[in-house]
Amino acid sequence: MAKQYKIYLDVCCLNRPFDDWGQPRIRLEAEAVIAILDRCQIGDWLMVTSTALVSEISQTPETIRKQQVMDFLAAAKIETKVTLETIKRVGDLQELGFKSFDALHIACAEAAKVDALITTDDRLLRKATTHADRLDVRVQNPLTWIMETNTQLEGESE
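The structure displayed is predicted, hence computed values, not measured ones.

Trainee: Sorry, what's going on with the packing of aromatic side chains here?
Mentor: Note on aromatic pairs: each is described by the distance of the centres and the angle between the planes. Under the criterion given, the structure shown has four aromatic pairs. Taken together, a centroid distance of 5.4 Å and an interplanar angle of 25 degrees make the contact between phenylalanine 18 and phenylalanine 72 stacked. Linking phenylalanine 18 in the loop between helix H1 (11–15) and helix H2 (24–41) with phenylalanine 72 in helix H4 (residues 63–73), this pair joins segments that are 54 residues apart in sequence. A relative accessible area of 28% places phenylalanine 18 in the partly exposed class. With centroids separated by 6.1 Å and ring planes inclined at 70 degrees, the aromatic side chains of tryptophan 45 and tryptophan 145 adopt a geometry described as edge-to-face. In this pair, tryptophan 45 sits in the loop between H2 and strand E2 (46–50) while tryptophan 145 sits in helix H8 (residues 142–157), placing the two residues 100 residues apart along the sequence. These aromatic residues form a ring-pair network of at least three members: Tyr5, Trp45 and Trp145.

Rules and cut-offs
- Residues numbered from 1 in each chain as written.
- Predicted model: local features only at pLDDT ≥ 70, side-chain atom pairs only at ≥ 80, totals over all residues.
- Heavy atoms only, no water.
- Phe/Tyr/Trp six-rings, centres within 6.5 Å; stacked < 30°, edge-to-face > 60°.
- Helix = DSSP H or I, 4+ residues; strand = E, 2+ residues; numbered from the N terminus.
- Buried < 20%, exposed > 50% of the residue type's maximum accessible area, 1.4 Å probe, protein only.

What follows is the structure, given as structure tokens:
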């Protein structure tokens, strides 16, 4: 039986399917995000949401897009709440240079003990790579994540 990954998608990742598909990178990442969401929808993987995600998404100015992104969160089976411990961790992460919402998402993903925090944010990916030894979660691009997990699944089925 294949591993049931537990994942946390940040807001830029959840927004990717609604970005301009005219750029090859955006199209590929959007397709990867949709594939990830499909795996969560059918129960192969567990998607984690958080009060931090809901809070950030609620700031989206476009009403239709905000609702579409919120609809993606319906696939989440686990919700992690922001606690005092999470807030303390956010402070530690901000000292490393992470922006406030990025630090909050990392802290929530760590608290939920997910296998990966998935993001399309290059700045966050670079910072997370720089500080990988100080994070308790893997931070990955959706395209990289889907390619790596599919390769692992193929290896398990042989």
